[in-house]
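Listed below are the residues making up each chain.
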Amino acid sequence: MKAGVLKETAPGERRVALVPDAVAKLRAAGIEVLVERGAGEGAWLSDSLYADAGATIVSAAELYRDADVVLTVTKPPADVVGLLRPGQAVIGMLAPLVHPELAAALAAQGVTAISLDRMPRTLTRTQPMDALSSQANVAGYKAALVAAAEFGRFFPLLITAAGTARPAKVLVLGAGVAGLQAIGTARRLGAVVSGYDVRPASKTEVESLGATFIELTAGVSAAGEGGYARELTAEERQVQQDELAGHIARHDVVITTAQVPGRRPPLLVTEDAIKAMTAGSVIVDMGASTLGGNASGSRPGETVVTGNGITIIGADNLPASMPTAASNAYSRNISTLLAYMTADGALAIDTSDEIQAGVVITHDGRVVNEDVAALATPRPEPEGGADVDGPGD
Ligand code: NAD
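Numbering of residues starts from 1 in each chain and follows the order in which that chain's sequence is written. pLDDT decides what is reported in this predicted model: residues at 70 or higher carry local features, side-chain atom pairs at 80 or more are listed and counted, and totals for whole chains, interfaces and linings draw on all residues regardless. Only heavy atoms go into the side-chain values, all of them from the structure, while hydrogens and water stay out.

Regarding helix 11 (residues 323-340)
Stage number 1. Between its first and last C-alpha, helix 11 extends 25 Å over 18 residues, near the 26 Å set by a 1.5 Å rise per residue.
Stage number 2. Along helix 11, the residues that are buried comprise Pro 323, Ala 326, Ser 327, Tyr 330, Ser 331, Asn 333, Ile 334, Ser 335, Leu 337 and Leu 338. Under the DSSP-based scheme used, a helix requires at least four consecutive residues in state H or I and a strand at least two consecutive residues in state E, with every element numbered from the N terminus. Multiplying 1.5 Å by the residue count of a helix minus one yields the expected span of that helix. With a 1.4 Å probe rolled over the protein chains alone, any residue whose accessible area is under 20% of its type maximum counts as buried; one over 50% counts as exposed, and the rest are partly exposed.

Spelled out as structure tokens, the structure:
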């Protein structure tokens, strides 16, 4: 079997799906590796490093022609679908709940689509393949650094001959994988850190990192399925936003990481909350998306300074800004999954397997993942207009 590593083409994307270290391991498992010329450049991994590890460097055209399995980080652009051939497989973070139309196109092309972001995450054996966690970990770390770099004061308490600097007060909203890493990193930089999440289980995790857990007196609790949060009702959202605003105003830095799978990110920092913040405060919004983020007014990939002097950073793809660490981790995730799904030198699709039932999105010309199929099949438009409450990006 030949696995081909694509050069990522999304704007600003510097990660690569496989690093040279993984090439030897896949070869030992009987998998030959093709690498598109320059695929690792963004992560400082030269073609010669791949060649030395035993990979064959090829053009994009050769890769699409010869690879049995195409490995990517993010979803391939729409025009690539036509270059893939029936029977070929593509493995990456394809975000099929957000882009069901891509899944439908891949199915129509006869391509087997395997998406790492649909990995069942609560099984111990899937941890080495959990790309959402590995990338969120990188993102959370970088979010704290981005906030510290933008903030006009120190994070730690500093006592110097020139005076005493009080430590920065950092609030992390959403204490999943990224949030906990942001908390840990901000703590290591010396900030005084608080954390908040709607899942009550996150309280002990936040406190174990030496941060204070913020509990809302209104007690909004929203543990959903599989360890995720459920979407709040409009009433709950209002209560949460109002009470959080008071906490936000007392902090210098707010890092937001809140997500609800397949939905647009919840708005946690409202315009009124931002107005009540002190000039010089910084918000890093990891939920920033074209549909809106966790903070009002955030724009993906942009830094906005409000009229009252609050810097809002729309940090939409932080893992790409730490391409080597993110690629190393992702490479381990994708190569473990590839090896797991390989039997007798070929990809062995078996959707009765618990892991494959999650990650295999299309096969044999069909969208086989039920959640995605429900979205990929065009629904009749409801009377009175289209449903605008679609999934977030
Ligand atoms: P995520 O990226 O989907 O969301 C980030 C955080 O935002 C979550 O903690 C979520 O509760 C929170 N959130 C959502 N809506 C919110 C709101 N309105 N207000 C405040 N917070 C809100 O989550 P994630 O980081 O991928 O982790 C989700 C869960 O999966 C966690 O419980 C995590 O521990 C668990 N997990 C388990 C394993 C494992 O068991 N091996 C691996 C990875 C993650």
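Concerning the packing of helix 6 (residues 131-150) against helix 11
Stage number 1. Two elements in contact, helix 6 and helix 11, have axes whose closest approach is 9 Å; the angle formed by their N-to-C orientations is 170°. On the basis of their axis angle, the class for helix 6 and helix 11 is roughly antiparallel. Residues Ala 131, Ser 134, Gln 135 and Val 138 of helix 6 form the contact with helix 11, whose own contacting residues are Ala 325, Ala 326, Ala 329, Tyr 330 and Asn 333.
Stage number 2. Partitioned by chemical class, the residues of the contact of helix 6 with helix 11 number 6 nonpolar, 3 polar and no charged. A fitted line through C-alpha atoms serves as each axis, taken over the contacting stretch for helices, and the angle formed by two N-to-C directions is quoted from 0 to 180°. Roughly parallel means an angle under 35 degrees; roughly antiparallel, over 145; roughly perpendicular, 65 to 115; everything else is oblique. Should any heavy atoms of two residues lie within 4.5 Å, those residues are counted as being in contact. Asp, Glu, Lys and Arg are counted as charged, while Ala, Val, Leu, Ile, Met, Phe, Trp, Tyr, Cys and Pro are counted as nonpolar; the rest, among them Gly, fall into the polar class.

Here we look at the environment of Ser 115
Stage number 1. Relative to the elements of secondary structure, Ser 115 occurs in strand 6 (residues 112-115).
Stage number 2. For Ser 115, a relative accessible area of 0% puts it in the buried group.
Stage number 3. In this structure the C-alpha to C-alpha distance between Ser 115 and Thr 72, which are 43 residues apart in sequence, comes to 9.9 Å.
Stage number 4. Pairs of N or O atoms within 3.5 Å make up the polar contacts considered here, provided that, within protein, one atom can donate a hydrogen while the other can accept it, and that residues adjacent in sequence are counted only when both atoms are side-chain atoms. At a separation of 3.0 Å, a polar atom in the side chain of Ser 115 contacts the main-chain amide nitrogen of Leu 94.

Considering the packing of aromatic side chains
Stage number 1. What counts as a ring pair is set by centres within 6.5 Å for rings of Phe, Tyr and Trp (its six-membered ring), and what kind of pair is set by the plane angle: stacked under 30 degrees, edge-to-face over 60, tilted for all other angles. With the rule as written, the count across this model stands at 1 aromatic pair.
Stage number 2. Seen in terms of ring centroids, Phe 151 and Phe 155 are 6.1 Å apart; in terms of plane orientation they differ by 65°. Their pairing is edge-to-face.

Remarks on the site of the ligand
Stage number 1. In these notes, residues near a molecule or strand are those with any non-hydrogen atom within 4 Å of it. Close to the ligand lie 24 residues, the nearest being Arg 121, Val 177, Asp 197, Arg 199 and Gly 227.
Stage number 2. A distance of 2.6 Å is found between an oxygen atom of the ligand and a side-chain nitrogen or oxygen belonging to Asp 197.
Stage number 3. Note that an oxygen atom of the ligand is positioned 3.4 Å from one of the backbone N or O atoms of Gln 259.
Stage number 4. The method behind every accessible area is Shrake-Rupley, applied with a 1.4 Å probe, and residues are considered shielded solely by the protein chains displayed. Taken by itself the ligand offers 830 Å² of open surface, and the protein chains cover 85% of this.
Stage number 5. Grouping the constituent residues of the shell around the ligand by class yields 11 nonpolar, 9 polar and 4 charged.

Concerning helix 7 (residues 177-188)
Stage number 1. Along its 12 residues, helix 7 runs 17 Å from first to last C-alpha, staying within 8% of the 16 Å computed at 1.5 Å per residue.
Stage number 2. Buried residues dominate helix 7, accounting for 9 of its 12 residues.
Stage number 3. Where helix 7 is concerned, the buried positions are Ala 178, Gly 179, Leu 180, Gln 181, Ala 182, Ile 183, Gly 184, Thr 185 and Ala 186.
Stage number 4. Looking at the buried residues of helix 7, the elements they touch are helix 6, strand 9 (169-173), strand 10 (192-196), helix 8 (202-208) and strand 12 (253-256).
Stage number 5. Within two residues after helix 7, Gly 190 carries a phi angle of roughly 95°, on the positive side.

Considerations on the nonpolar core
Across soluble globular proteins, you tend to see nonpolar side chains buried next to one another.
Stage number 1. Counting residues in hydrophobic clusters, the biggest one holds 38 residues, and the most contacted among them are Val 5, Leu 18, Leu 71, Ile 91, Leu 116, Leu 337 and Leu 338.
Stage number 2. Contributions of two or more residues to this core are made by strand 1 (2-5), helix 1 (20-28), strand 2 (32-36), strand 4 (69-74), strand 5 (89-93), helix 11 and helix 12 (354-359).
Stage number 3. Counting residues per element, this core draws most heavily on helix 11, which supplies 4 residues.
Stage number 4. Membership of the second largest hydrophobic core comes to 29 residues, among which are Ala 147, Val 170, Ala 186 and Ala 191. Residues belong to a common nonpolar core when they are buried Ala, Val, Leu, Ile, Met, Phe, Trp, Tyr or Cys residues joined through side-chain atoms within 4.5 Å.

Section: the pairing of strand 2
Stage number 1. In terms of burial, strand 2 is a largely internal element, 4 of the 5 residues being buried.
Stage number 2. Here, a strand pair is defined by DSSP locating no fewer than two bridges between the strands. Pairing analysis gives 4 bridges linking strand 1 to strand 2, with the strands arranged parallel. Within the sheet, the bridge partner assigned to Lys 2 lies in strand 2 and is Glu 32.
Stage number 3. Direction of pairing for strand 2 relative to strand 3 (residues 56-58): parallel, over a ladder of 3 bridges. Note on strand 3: the bridge partner recorded for Val 35 is Ile 57.

Details of the sheet that holds strand 5
Stage number 1. One open sheet holds the 8 strands; their spatial order is 3-2-1-4-5-6-18-19, and the pairing between them is mixed. Across the chains shown, the open sheet's two edge strands, defined by having one partner strand only, are strand 3 and strand 19 (366-367).
Stage number 2. Where strand 18 (residues 360-363) lies against strand 19, 2 bridges are found, and the strand directions are antiparallel. Bridging from a neighbouring strand, His 363 pairs with Arg 366 of strand 19.

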